[in-house]
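# Structure assessment
Okay, here's what each chain looks like letter by letter:
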Amino acid sequence: MAEEKESTSIPLSQAENGGDDPEDPVKSPPTSSNSSTRQACCFFLQSWVSKKFMTGCVVLFPVAVTFFITWWFIQFVDGFFSPIYDRLGFDIFGLGFITSLVFVFLVGVFVSSWVGSTVFWIGEWFIKRMPFVRHLYTASKQISSAISPDQNTTAFKEVAIIRHPRIGEYAFGFITSTVILQRENEDEELCSVFVPTNHLYIGDIFLVNSKEIIRPNLSIREGIEIIVSGGMTMPQVISPLERVARQGDRIPLNRII
């Protein structure tokens, strides 16, 4: 009888828990599967939010930079003539900016005439006689002449691709002038190639044999856009001018045949 009582007796803790064994895998709740599902959902939501946030930054960054530079440029140009209008009693934002644009246009019209070009030449003559200012003026004029709509002898001649700095690597530059190197055996024609290292303001000059220069089918403006954009506007296919000329000569023959 004592053995039967001991076998039928149940501990008090088990009786309060309803007789369930927490370590029994059959009776324990599926907490591991729920936690893994929750972690997967959190990871997916976090990756989706971060991806959309970076997409918004990529879209808004060029807009913000463009707006900031445009706003700074308007304030900078507006500051030239806005003090004059303030003294006259005209407090209208943007009036100095419009006046500056009109002033630049009138200067372009005046310099294009014979009298204006003469006055400009006299002023340039005085500037080139100044010790330190003439170097800054000459460098700035060469850069502005490169993007000028008028043809100028000091502007960039052609877009060039040279082998630099090692074999198998190329550098993008502009041909500025040509020079004849006199040697004992024969004269060698060299081209002065300007390779920008900081947009268009700072760069290196290389004297390269004219036969070793690759001349792509790109205009000066396209080359400047490639340099300023950091190569993002680079076309997918670049062909040398010699190949384009040969293909242009073959087209009429194929059409005739």
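Residues numbered from 1 in each chain as written. Predicted model: local features only at pLDDT ≥ 70, side-chain atom pairs only at ≥ 80, totals over all residues. Heavy atoms only, no water.

## Overview of the packing of aromatic side chains
Stated precisely, the cut-off is as follows: We call Phe, Tyr and Trp rings a pair once their centres come within 6.5 Å, taking the six-membered ring for Trp, and we label the pair stacked below 30 degrees between planes, edge-to-face above 60, and tilted otherwise. In this description a helix means any DSSP run of H or I spanning at least four residues, a strand means any run of E spanning at least two, and both kinds are numbered starting from the N terminus. When a residue's accessible area, from a 1.4 Å probe over protein chains only, is under 20% of the maximum for its type it is buried; when over 50% it is exposed; and in between it is partly exposed.
Applying the stated criterion across every chain, the model contains six aromatic pairs. When the centroid spacing of 6.2 Å and the interplanar angle of 85° are considered together, the rings of F73 and F97 count as edge-to-face. Remark: F97 occurs in helix α4 (residues 95–112) and F73 occurs in helix α3 (residues 31–88); sequence separation between them is 24 residues. We classify F97 as buried; its relative accessible area is 18%. For the ring pair W125 and F126, a centre distance of 5.1 Å and an interplane angle of 80° mean the geometry is edge-to-face. On the accessibility criterion, W125 (37% relative accessible area) is partly exposed. Three or more aromatic residues joined by ring pairs make a cluster, and in this case those are W72, F76 and F80.

## A few points about the UniProt feature "transmembrane region" (unreviewed entry) in the chain
For the record, the criterion: UniProt positions are given in the numbering used here, feature names are shortened, and annotations may be inferred rather than shown by experiment.
Here, UniProt's "transmembrane region" (unreviewed entry) annotation points to residues 53–74 and 94–122. Overall, residues 53–74 shows 100% helix and 0% strand. The separation of its end C-alpha atoms is 31 Å. The span residues 94–122 is 93% helical and 0% strand by assignment, and the distance between its end C-alpha atoms comes to 33 Å.

## Things to note about the pattern of salt bridges
Short version of the rule: Any Lys or Arg side-chain nitrogen located within 4 Å of an Asp or Glu carboxyl oxygen qualifies as a salt bridge.
Under the defined criterion, the tally for this structure stands at four salt bridges. The residue E188 makes a salt bridge to R183 at a minimum N-O spacing of 3.0 Å.

## Topic: the sheet that holds strand β3 (residues 188–198)
Quick reminder of the rule: Only strands joined by at least two bridges in the DSSP assignment are considered to pair. Every axis in this analysis is a line fitted to C-alpha atoms, fitted for helices over the stretch in contact. Angles between the N-to-C directions lie between 0 and 180 degrees. In what follows, a contact means two residues having at least one pair of non-hydrogen atoms within 4.5 Å.
With antiparallel pairing, the four strands of this open sheet are ordered in space as β1-β2-β3-β4. Single-partner strands in this sheet number two, and they are β1 (158–163) and β4 (202–209). For this sheet, the mean angle separating the axes of adjacent strands, direction not counted, is 45°. Lying over the sheet, helix α7 (residues 220–228) contacts β1, β2 (170–181) and β3, oriented at roughly 130° with respect to β2.

## Comments concerning α7
What counts here: Arc, as used here, means the arc of the directions from the helix axis to the C-beta atoms.
Along α7, the residues classified as buried are I220, G223, I224, I226 and I227. Summarising the axial view, the buried residues of α7 lie within an arc of 160°, below the 170-degree limit, and thus occupy one face. Looking one or two places after α7, you find G230, whose phi comes out positive at around 70°.

## Considering the confidence of the model for the chain
Rules: Predictor confidence is given residue by residue as pLDDT, running from a minimum of 0 to a maximum of 100.
Averaged over the chain, the pLDDT score is 76; the fraction of residues at 70 or greater is 75%. Ignoring residues within four places in sequence, the model shows residues 1–10, a span with pLDDT below 50, making one contact including any to other chains.

## Topic: the state of the cysteines
Condition: The term disulfide is used for any two cysteine sulfur atoms that are within 2.5 Å.
In total, this model carries zero disulfides according to the counting rule given. Free cysteine C42: the closest other cysteine sulfur is in C41, separated by 6.9 Å. What makes C42 partly exposed here is its relative accessible area of 47%.

## Looking at α4
Our working definition: In this analysis, the expected span of each helix is defined as 1.5 Å times one less than the number of residues it contains.
The first and last C-alpha atoms of α4 sit 26 Å apart over 18 residues, in line with the 26 Å expected at 1.5 Å per residue. Of the residues making up α4, those classed as buried are G96, F97, T99 and S100. Looking down the long axis of α4, one finds its buried residues gathered within 160° of arc, a one-sided arrangement. Projecting away from the buried face of α4 at angles above 90 degrees are the exposed residues I98, F105 and S112.

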